[in-house]
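The chain contents come next:
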Amino acid sequence: MNLNGITLTESDGRVFLHHQPAADRPPVDATMLHSLLQEAGFGQCLLYKEVIAASAVDCNTLKTPFVVQVAERRDACLELEIAPDEMVVQVSLSPPQGGKAISLEDIHEALKAAGVVFGINEAALIHACRVGQIAHWPVASGEPAQDGQDAAFDALLDLTADRAPKLNDSGLIDYREHSGIVVVRPGEPLMRRTPATDGVPGHTVKGRELSPRPGLDLSFSSQLEGAKPASADPNLLEAAVAGQPVLVEHGVIVEPVLRVAEVNMASGNIHFEGTVQVEGDVTHGMKVQASGDIVINGAVDGAMLEAGGDIHVAGGIIAKSQVRSQGAVSARFAEASSIHAGTVISIDDMALGCELESLNQIVIGDKLPQRGCLMGGSATAMMLLRVPLLGSNKAGITVVKLGANAKLQAQLQALDERLLKEKATEENLQKLGKHLATAGDPKGMLERVKATWRQAVQAWSKSLNERRELEEQMAVMLKARVEVVQGVDGAVDLSIGSKLARLRKEFSDGVFLVDPAEGLLFTDAAGRAQVLVPA
């Protein structure tokens, strides 16, 4: 297109329109000027559209020459963004407007100038160059440090006893019944220790090394009775004596196992540091005390059992026997006996006229639900009593207490007494400090009093934290419940927490529990609830 008196020139990337008045030129519009720029090779440049439109008007009206910039060449623009932690580099590209495009070499130069030397993704760079226009495109990444692994301890025996109770979300212990005693021989491997690792250093995109956190390198416990590291491999723990392997923190101990045919007048009472297995019965008046487990393949008849671990009786516990375990107690049936467990009491069949106390749960009749029942006596547990039939019209009153933990209650009471004393001490020291600061301190006691006061405050704060932890444990007891699979028969005095219901009528299968808003409720299998004791 030739427009008489209108020419285009370029200088340093800037495009100018030159106008000379011409009488024989037809009227000019913006479209004509755009076409002129396109034909002159400036179509890809950045066009000043408003200036071009105004220039078209000026060309038609002004009778004097003028020069105006109507476009410019712009090279492609490249921006690098380096994250504050130097772990990511992003590139943004804007396309050229009549100028030079960004090449792969240009991006490499920009990265080099910014100090980026590590983790450059060549494929990402090529893609950015190919598309020409892109925003916040990651082209380089640092490598985080890989922290070291703590030392690990892996038991090598699947049936190694573990006496640490495991609580689920409902506060109940997942109880595993004994199936026998695992016995190891000297030299048998017990546990493999995997040493801690140092970790792997990382790097930022600028090449700065990131140091990893080394793993905690723990050793086998120094007090592992009956076990020792292997002479050829210090990371392998092996049995030093024959006995029952028991998992403990950072190791396995091997408790000696005493096997006897029967505990009677001929054998005498048993007092043993380890596990005791009795093939037959424990007869009237006899006593078995063990620091580990006690396993009775027969019955317990009017005897006393005390165990630091679990107690398993294949037969029954009868005739005013006294059984006490730090762990769990399981038996086929129980009658007129006292049973205390630190975790779970599990009775396969029935419990008649017994005193049962568990710090977690009592489960009766799970294996023989058609015969399972709790008749007479008392049952006290913190979280759960589950039984097919509760009470009997042929027995006296059956007393059931849930949501009770005498141990926690005693700890809380002792802690409250300690808190009162610690608070009184702290207040007295504070008063003394204020008195010395006001009245004078000729003997220089103030600093010592302040130091003692700070210690008293710390002790009091620590006790407050302990109380909060106890309260959290006791709060779990609000979930306590009594589950009856068949129903309630006869007289039952049932208390959950502070709520007491004297049940003197039959109930179907269902659940007794406390709702904070409504009180002590019974909900039957169909979901119908009735309030027994209001909130």
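Use the structure listed above.
Residues numbered from 1 in each chain as written. Predicted model: local features only at pLDDT ≥ 70, side-chain atom pairs only at ≥ 80, totals over all residues. Heavy atoms only, no water.

S.K.: How would you sum up the pairing of strand β1 (residues 6–11)? Please name residues and give values.
M.R.: Along any regular strand, the residues point their side chains to alternate faces of the sheet. One ladder, built from six bridges, connects β1 with strand β2 (residues 14–19); its direction is antiparallel. Across the sheet, residue Thr 9 finds its bridge partner in β2, namely Phe 16. Taking the residues between adjacent antiparallel strands as the criterion, β1 and β2 are bridged by two residues, where Asp 12 takes a positive phi near 55 degrees. (Pairing = 2+ DSSP bridges. Helix = DSSP H or I, 4+ residues; strand = E, 2+ residues; numbered from the N terminus.)

S.K.: Hey, could you go over the packing of aromatic side chains for me, with residue numbers and the actual values?
M.R.: Here the structure, examined in full by the defined rule, presents four aromatic pairs. Each ring, one from Phe 507 and one from Phe 522, has its centre 5.1 Å from the other, and the planes form 70 degrees; the classification is edge-to-face. Residue Phe 507 is found in the loop between β38 (499–503) and β39 (510–515), and its partner Phe 522 is found in strand β40 (residues 519–524); the two are separated by 15 residues along the sequence. Relative to Phe 522, the ring of Phe 512 has its centre 4.6 Å away and its plane inclined at 40 degrees; by these criteria the two rings are tilted. With a gap of ten residues between them, Phe 512 in strand β39 and Phe 522 in strand β40 connect regions that are remote in the sequence. Here the aromatic residues Phe 507, Phe 512 and Phe 522 are joined through ring pairs into a cluster of three or more. Here the basic side chain of Lys 423 rests over the ring of Trp 460, its NZ or CZ set 4.1 Å away from the ring centre. (Phe/Tyr/Trp six-rings, centres within 6.5 Å; stacked < 30°, edge-to-face > 60°. Lys NZ or Arg CZ within 6 Å of the ring centre and 35° of its normal.)

S.K.: I'd like to hear about the pattern of salt bridges, residue by residue, with values.
M.R.: For the coordinates displayed, the defined rule picks out 19 salt bridges. Across the pair Arg 73 and Glu 10 runs a salt bridge whose closest N-O atoms are separated by 2.7 Å. Placement of Arg 73 in the loop between β4 (66–72) and β5 (77–82) and of Glu 10 in strand β1 is noted, with a sequence separation of 63 residues between them. Judged by its relative accessible area of 30%, Arg 73 is partly exposed. For Asp 349, the salt bridge is made with Arg 371, and the minimal N-O distance between the two is 2.9 Å. Linking Asp 349 in the loop between β28 (344–347) and β29 (350–352) with Arg 371 in the loop between β31 (361–364) and β32 (373–375), this pair joins segments that are 22 residues apart in sequence. (Salt bridge = Lys/Arg side-chain N within 4 Å of Asp/Glu carboxyl O. Buried < 20%, exposed > 50% of the residue type's maximum accessible area, 1.4 Å probe, protein only.)

S.K.: Tell me about the sheet that holds strand β23 (residues 304–307), and please be specific about residues and values.
M.R.: Taken in spatial order, the ten strands line up as β18-β20-β23-β25-β27-β30-β33-β35-β37-β38 in an open sheet, and their pairing is mixed. Edge positions in the sheet fall to β18 (270–272) and β38, since each of these pairs with one other strand and no more. Direction aside, the axes of adjacent strands within the sheet are offset by 5 degrees on average. Taken together, the four bridges between strand β20 (residues 287–290) and β23 define a ladder with parallel strand orientation. Its bridge partner being in β23, Val 288 is matched across the sheet by Leu 305. (Axes fitted to C-alpha atoms, helices over the stretch in contact; angles between N-to-C directions.)

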